[in-house]
Amino acid sequence: MTHSISTTCSFTSSFRSSSSFLTCNTLSFSTGNRGGKIVVRNNCLKLRIRCGGITEIKEDQFCDVVLKSDCPVLVEFVATWCGPCRLIGPAKESLAEEYKEKIIVVKIDHDSSPKLIEEYKVYGLPTLILEVPDSKREGAITKAKLKDYLDGLLKTVEIA
């Protein structure tokens, strides 16, 4: 998938020059109604753009992607061996696209994320959590019920 992006950059941190390169911490830009961020860490440039769909993240990315997000993030804990996870996959993909202007949808592999599994008390798969009170939902769910679940939760949060 190719995206054409017109950006307006604003530097949000100080710069320092070294003999051969320029470094910075964060560079923010505008992409219309979607947010984006360019992050430079250890001279490695990363570009993150919200554009719908489901993104798989690792346990060490959870804080940056989920907890520091400026909009609601629906987190799904899944496993490759989980039948119900595969069963609701198409419904989640469809709703991730439908709600792309309202939420970010990420999935986390159950087997490679033991700290998050313990912290969020994930006992059944798939488990869906939107970072609002009483949002945890375990087990397979139809697309219509998933849509009702998201609509109900989104009424409780302010979306920028």
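Residues numbered from 1 in each chain as written. Predicted model: local features only at pLDDT ≥ 70, side-chain atom pairs only at ≥ 80, totals over all residues. Heavy atoms only, no water.

Looking up the protein in an unreviewed UniProt entry gives the name Thioredoxin domain-containing protein, with the organism given as Anisodus acutangulus.

Visitor: I keep staring at the overall build of the protein and nothing clicks. Help me out?
Guide: Counting its regular elements, the protein contains 4 helices and 11 strands. Here the protein holds 160 residues, and the buried ones make up 36% of them. In the protein, the proportion of contacts linking residues at least 24 apart, taken out of those at least 6 apart, comes to 55%. If you sum the accessible surface of the protein, you get close to 10,000 Å²; carbon and sulfur atoms cover 52% of it. (Helix = DSSP H or I, 4+ residues; strand = E, 2+ residues; numbered from the N terminus. Buried < 20%, exposed > 50% of the residue type's maximum accessible area, 1.4 Å probe, protein only. Contact = heavy atoms within 4.5 Å. Areas by Shrake-Rupley, 256 points an atom, 1.4 Å probe, with all protein chains shown as cover.)

Visitor: Just checking my understanding: could you explain the packing of helix 2 (residues 83-98) against helix 4 (residues 143-154) for this structure?
Guide: Axis separation between helix 2 and helix 4 bottoms out at 10 Å; the angle between their running directions is 40°. Taken together, the axes of helix 2 and helix 4 are oblique relative to one another. Two packed elements cross with a definite hand, and for helix 2 against helix 4 that hand is right-handed. Between helix 2, through Ala 91, Lys 92, Ser 94, Leu 95 and Glu 98, and helix 4, the contact on the second element is made entirely by Lys 143, Leu 146, Lys 147 and Leu 150. Here the residues of the contact of helix 2 with helix 4 sort into 4 nonpolar, 1 polar and 4 charged. (Axes fitted to C-alpha atoms, helices over the stretch in contact; angles between N-to-C directions. Parallel < 35°, antiparallel > 145°, perpendicular 65-115°, else oblique. Left-handed = near helix turned anticlockwise from the far one by under 90°. Nonpolar A, V, L, I, M, F, W, Y, C, P; charged D, E, K, R; others polar.)

Visitor: Hey, could you run me through the sheet that holds strand 7 (residues 54-57) in this one?
Guide: Strands in a sheet are paired, the pairing made by backbone hydrogen bonds, and the direction either parallel or antiparallel. The 5 strands are arranged 7-9-8-10-11 in an open sheet whose pairing can be described as mixed. Both outer strands of the open sheet, strand 7 and strand 11 (137-138), are each paired with one neighbouring strand and no more. Bridge count for strand 8 (residues 73-78) against strand 9 (residues 104-109) is 6 bridges, and the pairing is parallel. Across the sheet, residue Leu 74 finds its bridge partner in strand 9, namely Val 105. Strands in contact with helix 4 are strand 8, strand 10 (127-130) and strand 11; relative to strand 10, the strand with the most contacts, it is inclined by about 25°. (Pairing = 2+ DSSP bridges.)

Visitor: Before we go on, may I ask you to explain the pattern of salt bridges in this structure?
Guide: Pairing of side chains with opposite charge becomes possible as their charged atoms draw close. Taken as a whole and assessed by the stated rule, the structure comprises 5 salt bridges. As a salt-bridge pair, Lys 68 and Asp 64 come within 3.5 Å of each other at their nearest N and O atoms. Glu 76 serves as the salt-bridge partner of Lys 92, at 2.7 Å between the closest nitrogen and oxygen. Of the two residues, Lys 92 is situated in helix 2 and Glu 76 in strand 8; the sequence distance between them amounts to 16 residues. On the basis of relative accessibility, which here comes to 9%, the residue Lys 92 falls in the buried class. (Salt bridge = Lys/Arg side-chain N within 4 Å of Asp/Glu carboxyl O.)

Visitor: How should the environment of Cys 85 be read in this particular structure?
Guide: Along the chain, Cys 85 turns up in helix 2. Classification of Cys 85 as buried rests on a relative accessible area of 5%. Taking the C-alpha atoms as reference points, Cys 85 and Pro 126, separated by 41 residues in sequence, lie 5.3 Å from one another. Residues within four places of Cys 85 in sequence aside, it is in contact with Val 78, Ala 79, Lys 92, Leu 125 and Pro 126.

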